[in-house]
Amino acid sequence: MSEHFDVHGGARLVGEVEVVGAKNSVLKLMAAALLAEGTTTITNCPQILDVPLMADVLRSVGCEVVLDGDTAKITTPSELSHRADSPAMGKLRASVCVLGPLVGRLKRAVVALPGGDAIGSRPLDMHQNGLRALGATSTIEHGCVVAKADHLKGAQIWLDFPSVGATENILMAAVLAEGTTVIDNAAREPEIVDICVMLNQMGAQIEGAGTSTLTVHGVTELHPTEHRVIGDRIVGATWAFAAAMTRGDLTVKGVNPHHLDLVLEKLRMAGAEITTFDESGFRVVQNDRPKAVDFVTLPYPGFATDLQPFAVALSAVSEGTSMITENVYEARFRFIEEMVRLGADARTDGHHAVVRGVDKLSSAPVWASDIRAGAGLVLAGLCADGVTEIWDVFHIDRGYPYFVENLNRLGARVERVLGAAERS
């Protein structure tokens, strides 16, 4: 039986919530463990559905993976399989990040095309072009990326777009290549910095983490390490928007507020009072109805596309009219169709959406199309009259550990219910 959430409207969220490790980092760190024989330990792992899925991917190539609470121990054997084509590959996008480590270490890989959120086209051209620049061949055959090389040699690589996934795959292949690789227009996200820190702990020589130019001096081998995952800035921002939308008062711990500088500034513009605590967290207090603010999604340090559903949800209950521009994933505005079911006054035109705030949303059955859309619908349901049913909540479970429990502890009333529904 499928599950849904019953979200009772009218909540004001108050209290303190702890953010755990970043989903967008931990899965790539788990893949990086393939680069070194022995046992790598990753701590502060979020207890979300995607972590055991990635564990299954690693087991399919010969690793032993033990998950214990917030710790993952990955034992990588001396001889790995180059074929990563387990059923788990089709369930999460990050599974493609085993491509770089397998090519780097084994000089060949057959990796099933990944699944994940339905938020738009995410081709692997830049991943493949990067591997080709390092000396590998790469083709798509029978639903798999097939790559192989006699040896890998450092290269100058320019990315047409600062893709996080392409940066990570090229980086993990380049650390064991001969010579120096320079990746220009590389992604700058905190999660990229996190993987660079871990790889350097393993013996890699990477310079420029957090900038648009990464320089990788190839080494002959890496060794296992222990690494703590950075706090999840997207989950932290979710709680920040929750406070603003419900006119609440939330203290968010476990995430570096500087990873959310632009987000917190936008909420200040909406009328929130923001206090930051060094690198450990922040507080958001919203006393009055939020004011309309415009949002434009861009690669980091711009406003993250993952946060676009929350920008739409906030705008839907704000005073005034907001314009949201989506520059990364063309299908992300599917979320707006569900917001309209809840009474939002929103229209889309290409990669722009115009949202006119209403005093209160109205409850309705809605469907989550991806992780962030699902969480955005929960926040919208908190601002609606009556009880909002949110379906396909398995998406939410892929990115938010103990989401319902945290919401209820902070003053919401959200129930997880077994049952089936047909979409109207």
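Residues numbered from 1 in each chain as written. Predicted model: local features only at pLDDT ≥ 70, side-chain atom pairs only at ≥ 80, totals over all residues. Heavy atoms only, no water.

## Describing the pairing of strand 9 (residues 144-148)
In terms of residue burial, strand 9 counts as a mostly covered element, since four of its five residues are buried. In terms of strand pairing, strand 8 (residues 137-141) meets strand 9 through five bridges, oriented antiparallel. Bridged to I140 within strand 9 is V145. Hairpin connection of strand 8 to strand 9: two residues between the antiparallel strands, including H142 at a positive phi of 55 degrees. (Buried < 20%, exposed > 50% of the residue type's maximum accessible area, 1.4 Å probe, protein only. Helix = DSSP H or I, 4+ residues; strand = E, 2+ residues; numbered from the N terminus. Pairing = 2+ DSSP bridges.)

## Here's the deal with the packing of helix 5 (residues 164-174) against helix 6 (residues 190-201)
One way to put it is that helix 5 packs onto helix 6 with a least axis distance of 11 Å and a crossing angle of 10 degrees. Regarding the angle of helix 5 to helix 6, the classification is roughly parallel. Contacts between helix 5 and helix 6 involve V164, T167, E168, L171 and M172 from the former and I192, I195, C196 and L199 from the latter. Each residue belonging to the contact of helix 5 with helix 6 can be placed in one class, and the counts come to seven nonpolar, one polar and one charged. (Axes fitted to C-alpha atoms, helices over the stretch in contact; angles between N-to-C directions. Parallel < 35°, antiparallel > 145°, perpendicular 65-115°, else oblique. Contact = heavy atoms within 4.5 Å. Nonpolar A, V, L, I, M, F, W, Y, C, P; charged D, E, K, R; others polar.)

## Some words on the packing of aromatic side chains
Inspection of every chain in the model, using the stated rule, returns six aromatic pairs. Aromatic pair F241 and F295: ring centres 6.3 Å apart, planes at 45 degrees, arrangement tilted. You can see F241 sitting in helix 7 (residues 233-245) and its partner F295 sitting in strand 18 (residues 295-296), a full 54 residues away along the chain. A residue is classified by how much of its surface remains accessible, and F241, at 0% relative accessible area, is buried. Exposure remark for F295: the relative accessible area of 1% places this residue in the buried category. On the basis of an interplanar angle of 40 degrees and a centroid distance of 4.8 Å, the ring pair of Y400 and F403 is categorised as tilted. Assessed through its relative accessible area of 3%, F403 is described here as buried. Chaining the aromatic ring pairs together yields one cluster made of F241, F295, F303 and F310. (Phe/Tyr/Trp six-rings, centres within 6.5 Å; stacked < 30°, edge-to-face > 60°.)

## Some points on the pattern of salt bridges
As enumerated under the stated definition, the model contains 16 salt bridges in all. As a salt-bridge pair, E3 and R416 come within 3.0 Å of each other at their nearest N and O atoms. Note that E3 is positioned in strand 1 (residues 3-8) and R416 in strand 26 (residues 414-418), a separation of 413 residues in sequence. Exposure remark for R416: the relative accessible area of 37% places this residue in the partly exposed category. Ionic pairing is found between R341 and E338, a salt bridge with its closest N-O pair at 3.4 Å. Placement of the pair is R341 and E338 together in helix 10 (residues 334-341), with a separation of three residues, close to one helical turn. A cluster of three or more residues bridged by salt bridges with shared partners is formed by E3, D397 and R416. (Salt bridge = Lys/Arg side-chain N within 4 Å of Asp/Glu carboxyl O.)

## Some details on the confidence of the model for the chain
In this model, the chain carries an average pLDDT of 94, and 96% of its residues clear a pLDDT of 70 or more. Counting interchain partners and residues more than four positions distant, the pLDDT-below-50 stretch residues 116-122 has 24 contacts. (pLDDT = per-residue confidence, 0-100.)

## Here's the deal with the nonpolar core
Residues M30, V98, L199 and L222 are the most contacted members of the largest nonpolar core, which totals 79 residues. Setting aside chain neighbours within four positions, we find L222 in contact with L35, A36, V175, L176, L199, M202, G203 and A204. Within the second largest apolar cluster, 74 residues are counted, among which are V7, I234, W239 and A316. (Core = buried A, V, L, I, M, F, W, Y, C linked by side-chain atoms within 4.5 Å.)

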